[in-house]
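Spelled out, the chains give:
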Amino acid sequence: MDRLSLTAALRHRPFRLLYGGQAISSVGDWLDYLALVVLLTYTWGHGAGALAALSVAVAVPMVALAPVAGALADRMSDRIRVLVGCDVIRAGLALGYLAAPNLQVLLVLVVCKVSFGALFTPVHQSTLRSVVPEADLLSAMSLTVFTNQAAKVAGPALSGLLIAGFGVRAAFIVDAATFVVSAVLLSAVRLPPRPDPKAAAPDGAEESAGRTGLRADIAEGMRFIARTPALIALIGSVAATLFLVLTFDTLSPLAMRELGVGESSLGYVVAAVGLGAALGTLAISGRVMRAGPFVVLGVAQIVVGAAVSGIGTGLGLDAHGMVWLWMPIAGVLGFAAAGIMVVFPYVLHRETPPELTGRVTAIANAFPVLLQLAAPPLGAALADWAGVGFVFLTAGPALAALGAVVWLYGTRVRRRSEHSSEHPNPHRDDDQPPPPTGRADTMPDTQRLDALRAAGFPVDALTPGQLDALHGLSDEEADLLISVQLRLHATADEVEAHSGEPIIGGVLF
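Note that the coordinates shown come from a computational prediction; the quantities given were computed from them, not determined experimentally.

Asker: Tell me about the overall build of the protein chain, and please be specific about residues and values.
Answerer: Secondary structure assignment for the protein chain yields 20 helices and zero strands. A burial count over the protein chain gives 51% of its 509 residues as buried. In the protein chain, the share of contacts with a sequence separation of at least 24, taken over all contacts with a separation of at least 6, comes to 88%. For the protein chain, the computed accessible surface area is about 21800 Å², with 64% contributed by carbon and sulfur atoms.

Below you can see the structure in the form of C-alpha cells.
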C-alpha cells in the first residue's frame, strides 16, 4: 500500500479525531497490561496461577458481553456519547488499580474495565465506517491495524521507562490520562443521525421488539456465521490458534525471567514483538493475499510455532542472560503473527455485510476468546507439573502442525477458486445470445444473480433488502458492477485490512 492511499482517510476530520483517540488509548492499553504483569510477577511475586487469573479476568467480559455489545452497536443512535462514557469510566478504573491491596481486588477492577472495553470496541468499529466514504474505508481500517501494532512498540517501551523511573503505579496514572485525552477527542466528533429502529416497527410491535430485539439480532448474526463456510473455517482455526497461544503466552513473563530478562528489559522484548507485527502488517499487500488468506494464515501459524519452539528450546538448555537473542526471535514472532491478526479481520469483514458488522465481529471474537477461560489455567497446570519450557515446547510444534493443516486447506480453496475463475459458469449455454441491455426487467432476476455470483459477489449471503436492490438494477448497472469486480481481482495491490482491536493475547502474542 503506498503512502498516499494509506493516509487517505486522514483527510476527514471526524476520522482524525477517532484515530487520534484510538492511537493514544492503544498505547495506554499496552502500557497498562505490561504494568499489570510486572505488578503481579515482579512486585507482588505471584506465579503462573496469578497470570492465568489475569488472562481469565480479561476473557470473561469479552465472552459474556461481546454478543450483546455487538448487537447494541448495530442499533445505537448516539454512539459518540457511549464511546466518551466508556473512556471516562475506564480512566477511573485504571486509577483504581493504584488502591488495589491484593490480587482479588485488582482482578475485579480488571473485569470492570474490560467490560466497558467490550462495549467500546464494536461501537468504535461501527463508528469508523460512518466517518469516511467507502473509497477511503480501506485506508481507515489499515491505519487502525497498523496503529494497534505500533502501540505494542510504544506502550511497553514507555511502560518500561515509567516503571524504571517512577515505579509500576506511574504506568496506571499515564494509562488513565490516555483515556481522558481519548474522551476529549471523541467528544468533538459529529456523526450523522442514525434512524431509530423503533420507528420502523409496526404499530403494536414496539413493546415486543424491545423485549426480543437484541436476542433476535444476536441470533441473526449467529445464523449468518453458520451459513458462511469461510467464517466457520476462519473462526475455528483462529480459535484453535488462540487456545495454543494462551497456554504459553501468559507464562511469557516467567519464561523471560528464567532466561535472564529483567523487568525493565521485558518491555523491550514485548516492544520487539510489536515492532515485528507493525512491519508485518505493512508487508502484507494484495499480492501477498492473492496467495489466499488461508494460505497466509497457515504460513503465519507455522512461523509463530517455530519461534515459540525456539524459546522453549532456550528454556530447556537454560540459555540464561541472552536478551540480544530473544529480542530478534520476538520480532520474528510478531512479524508472523501479523499474518494472523490481519487475515482474521480481513476475511471477517470481506464476508460480512455492513449492517451485520457489529454483531458478526463481536460474536466471531467471542468464540476464540472463550478458549481464554481454559487455556491459561491449563498452561499454568502444565508449567507446575513439567516446567515452563515444557509448555513452550508443546504448544510451539502443535501450532506449527495446525498451520500446516490450514495451509493445505488454503491451497485447496485457492485451486478451487482458480478453477471457478477459468470456468465461471459450467452450466452456461455458450450459444445463448447475450442478454439485452435496457432496464432491470429485461434481464431475468435469476440470470442477473447468477452473473453476479460468478463474478465473486456474495449473493447467497445478502439480506432480502439487498437482494431487492440488486433486482432493481438495470443491465448496464449490473454489467458495470461485474466489470469493476473483475478489475479489482485482476489488479488490486492492497489488502483490505479491517480491524477493531487486536486479537486478545497475553505478553508476547
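So much for the structure itself; the text now carries on.
Asker: Residues and numbers for the side chain of glutamine 301, please.
Answerer: With respect to the helices and strands, the residue glutamine 301 is situated in helix α13 (residues 293–316). Those residues in contact with glutamine 301, other than ones at most four positions away along the chain, are Ser237, Thr241, Ile340, Leu399, Ala400, Leu402, Gly403 and Val406.

Asker: Got a sec to walk through the confidence of the model for the protein chain? Specific residues and values, please.
Answerer: Across the protein chain, the average pLDDT comes to 74, with 69% of residues at or above 70. A low-confidence stretch, residues 426–444 stays under pLDDT 50, and its non-local contacts, those more than four residues away or across chains, total 22 contacts.

Asker: Can you tell me about the nonpolar core, naming the residues and giving the values?
Answerer: The nonpolar side chains of a soluble globular protein tend to be buried with one another. The biggest cluster of nonpolar side chains holds 95 residues, and the ones touching the most others in it are Leu234 and Phe392. Per-element tally for this core: the top contributor is helix α14 (residues 323–350), with 13 residues. Leaving out residues up to four positions away in the same chain, leucine 234 has contacts with Phe294, Val343, Phe344, Val347 and Leu348. The next biggest cluster of nonpolar side chains, apart from the first, holds 20 residues, and it includes Tyr19, Cys86, Leu143 and Ala183.

Asker: Talk me through helix α2 (residues 13–43); I want residue IDs and the actual numbers.
Answerer: Between the first and last C-alpha of α2 there are 43 Å, a value that for 31 residues agrees with the 45 Å anticipated at 1.5 Å per step. Counting buried positions along α2 gives 23 out of 31 residues, so the element sits mostly inside the fold. Where α2 ends, the next residue or the one after it, glycine 45, has phi of about 75°, a positive value.

Asker: Describe a nonpolar patch on the surface, listing the residues and the values that go with them.
Answerer: A cluster of nonpolar side chains, namely Val299, Ile302, Val303, Val332, Trp407 and Leu408, defines an oily patch on the protein surface of about 480 Å² accessible area. Only α13 and α17 (388–422) provide two or more residues apiece to the nonpolar patch. Element by element, the count of residues in the nonpolar patch is highest for α13, at three residues. Relative to the helices and strands, leucine 408 resides in helix α17.

Asker: Which residues make up the pattern of salt bridges, and what are the values?
Answerer: Two side chains that carry opposite charge are able to pair once their charged atoms sit near each other. Applying the stated criterion across every chain yields a total of three salt bridges. Aspartate 175 is paired through a salt bridge with lysine 113; the nearest N and O atoms lie 3.8 Å apart. Here aspartate 175 is found in helix α7 (residues 168–187), whereas its partner lysine 113 is found in helix α5 (residues 103–131), with 62 residues between them in sequence. Overall, the relative accessible area of 0% leaves aspartate 175 in the buried class. Overlapping salt bridges, with partners in common, bring together Asp32, Lys113 and Asp175 in one network.

Asker: Which residues make up the packing of α2 against α7, and what values go with them?
Answerer: For the pair α2 and α7, interaxial distance at closest approach is 8 Å and the crossing angle is 160°. The angle between α2 and α7 places the two elements in the roughly antiparallel class. In this structure, α2 crosses over α7, and the sense of that crossing is left-handed. For the contact of α2 with α7, the class distribution of residues is 16 nonpolar, seven polar and four charged.

Asker: Let's hear about the environment of leucine 325: which residues, and what values?
Answerer: Relative to the helices and strands, leucine 325 resides in helix α14. Sequence spacing of leucine 325 and isoleucine 311 is 14 residues, and the spatial spacing of their C-alpha atoms is 9.7 Å.

Asker: Tell me about the packing of aromatic side chains, and please be specific about residues and values.
Answerer: Tallied over the entire structure, the rule returns five aromatic pairs. A centroid spacing of 5.2 Å and a plane angle of 50° characterise the contact between phenylalanine 248 and phenylalanine 392, whose relative ring orientation is tilted. Placement of phenylalanine 248 in helix α9 (residues 229–249) and of phenylalanine 392 in helix α17 is noted, with a sequence separation of 144 residues between them. For phenylalanine 392, a relative accessible area of 0% corresponds to the buried category. Pairing phenylalanine 294 with tyrosine 409 gives two aromatic rings, centres 5.1 Å apart and planes at 90°, and the pair type is edge-to-face. Linking phenylalanine 294 in helix α13 with tyrosine 409 in helix α17, this pair joins segments that are 115 residues apart in sequence. For phenylalanine 294, a relative accessible area of 6% puts it in the buried group.

Scoring rules and cut-offs
- Residues numbered from 1 in each chain as written.
- Predicted model: local features only at pLDDT ≥ 70, side-chain atom pairs only at ≥ 80, totals over all residues.
- Heavy atoms only, no water.
- Helix = DSSP H or I, 4+ residues; strand = E, 2+ residues; numbered from the N terminus.
- Buried < 20%, exposed > 50% of the residue type's maximum accessible area, 1.4 Å probe, protein only.
- Contact = heavy atoms within 4.5 Å.
- Areas by Shrake-Rupley, 256 points an atom, 1.4 Å probe, with all protein chains shown as cover.
- pLDDT = per-residue confidence, 0-100.
- Core = buried A, V, L, I, M, F, W, Y, C linked by side-chain atoms within 4.5 Å.
- Expected span 1.5 Å × (residues − 1).
- Patch = residues over 30% accessible without salt bridge, like charges linked within 9 Å, V, L, I, M, F, W, Y side chains within 5 Å.
- Salt bridge = Lys/Arg side-chain N within 4 Å of Asp/Glu carboxyl O.
- Axes fitted to C-alpha atoms, helices over the stretch in contact; angles between N-to-C directions.
- Parallel < 35°, antiparallel > 145°, perpendicular 65-115°, else oblique.
- Left-handed = near helix turned anticlockwise from the far one by under 90°.
- Nonpolar A, V, L, I, M, F, W, Y, C, P; charged D, E, K, R; others polar.
- Phe/Tyr/Trp six-rings, centres within 6.5 Å; stacked < 30°, edge-to-face > 60°.

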